[in-house]
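One-letter residues, chain by chain:
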Amino acid sequence: MGLGKTPETVRFLKERNARTVLIVTPKIIRTQWQQQLKVWGDFDATIYESQSVISEGVWIVNYDKLRNETTRLKFRRFQWDYLVLDEAHKIKNRGSKQTLAVKEIPAAHRVALTGTPILRYVDDLWSILHFLDWTYSGISYWAFRDYFCEMKHTEWGSNIVGLTKNPAKVAVLNQLMALVSIRNDAVE
């Protein structure tokens, strides 16, 4: 919090002349986004409250509403210029309804914002990278997990115990994070 992600993103959208933007955010900060879009980018954004018709423009929807299939279908009707996820760590669970919902929305460009450290559990990173572009994460969660995570094998299966200790693999992860992160601390 307090890193300036919202104004930075609004300026980014303004500089790129974004016309159709969908911002997915927690419910509590929808009006904050609406205000910041006006102040920093002169965007007139609409907060989704179950409107029957979704037209082109800038929309703000919360994760809970987007999980609803009827709502999701409304937002899938056309290609968005930008799909922005605020608090993107909310999609770390690759099988959750909200993760699957945001991945269904067609967008030319995707942005994932979070101030929450996302490298504590490296396997959680897969879902965010996969949302951005599968070329960052690879198609297989299992391959990503096996490459970047230290595993403990037990008689009941394999468990993740942390980041790989292989320095070459950690270097690959650091390079990957440098590609997708504006602000990044090196993995140790």
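Placed above this text is the structure.
As a starting point, this report considers the structure included with it. No experiment lies behind these values; they were computed from the predicted model shown. (Residues numbered from 1 in each chain as written. Predicted model: local features only at pLDDT ≥ 70, side-chain atom pairs only at ≥ 80, totals over all residues. Heavy atoms only, no water.)

### Let's talk about the sheet that holds strand 1 (residues 21-25)
Pairing in this open sheet of five strands is parallel, and the strands run 2-3-1-4-5 from one edge to the other. Looking at which strands have only one partner, the edges of the open sheet turn out to be strand 2 (45-47) and strand 5 (107-112). With strand direction ignored, the average angle separating the axes of adjacent strands in the sheet is 20°. With five bridges connecting them, strand 1 and strand 3 (residues 58-62) associate as parallel partners. When the sheet's bridge partners are listed, I23 is paired in strand 3 with I60. (Pairing = 2+ DSSP bridges. Helix = DSSP H or I, 4+ residues; strand = E, 2+ residues; numbered from the N terminus. Axes fitted to C-alpha atoms, helices over the stretch in contact; angles between N-to-C directions.)

### Section: the pattern of salt bridges
Following the criterion strictly, the structure yields eight salt bridges and no others. Residues E15 and R16 are paired through a salt bridge, measuring 3.6 Å at the closest nitrogen-oxygen approach. According to the relative accessible area criterion, E15 is exposed, its value standing at 57%. The closest approach of N and O atoms between R145 and D146, which form a salt bridge, is 2.7 Å. Connected via shared salt-bridge partners are K38, D42 and D44. (Salt bridge = Lys/Arg side-chain N within 4 Å of Asp/Glu carboxyl O. Buried < 20%, exposed > 50% of the residue type's maximum accessible area, 1.4 Å probe, protein only.)

### Quick look at the packing of helix 6 (residues 122-132) against helix 9 (residues 167-180)
Running from N to C, helix 6 and helix 9 cross one another at 40°; their axes reach a closest spacing of 12 Å. Classified by the interaxial angle, the pair formed by helix 6 and helix 9 is oblique. Handedness of the helix 6/helix 9 crossing: left-handed. Residue-level inspection shows V122, L125, L129 and L132 of helix 6 in contact with helix 9, the latter providing L173, L176, M177 and V180. Broken down by class, the residue content of the contact of helix 6 with helix 9 amounts to eight nonpolar, no polar and no charged. (Parallel < 35°, antiparallel > 145°, perpendicular 65-115°, else oblique. Left-handed = near helix turned anticlockwise from the far one by under 90°. Contact = heavy atoms within 4.5 Å. Nonpolar A, V, L, I, M, F, W, Y, C, P; charged D, E, K, R; others polar.)

### What about the packing of aromatic side chains?
Inspection of the entire model under this criterion finds nine aromatic pairs. Seen in terms of ring centroids, F78 and W80 are 4.6 Å apart; in terms of plane orientation they differ by 35°. Their pairing is tilted. On the basis of an interplanar angle of 80° and a centroid distance of 5.9 Å, the ring pair of W126 and Y141 is categorised as edge-to-face. Of this pair, W126 sits in helix 6 while Y141 sits in helix 8 (residues 141-148), and the two are 15 residues apart along the sequence. Neither residue differs from the other here; W126 and Y141 are each classed as buried. Lying over the aromatic face of Y141, R94 brings its terminal NZ or CZ to 3.7 Å of the ring centre. (Phe/Tyr/Trp six-rings, centres within 6.5 Å; stacked < 30°, edge-to-face > 60°. Lys NZ or Arg CZ within 6 Å of the ring centre and 35° of its normal.)

### What to know about helix 1 (residues 5-15)
Buried within helix 1 we find K5, T6, T9, V10 and L13. Projected down its long axis, helix 1 carries its buried residues within an arc of 130°, all on one side. Along helix 1, the residues that are exposed and aim more than 90 degrees away from the buried face are E8 and E15. Structurally, helix 1 contributes buried residues whose contacts are with strand 1, helix 2 (30-41) and strand 4 (80-85). Downstream of helix 1 by one or two residues, N17 has phi in the positive range, about 50°. (Arc of directions from axis to C-beta.)

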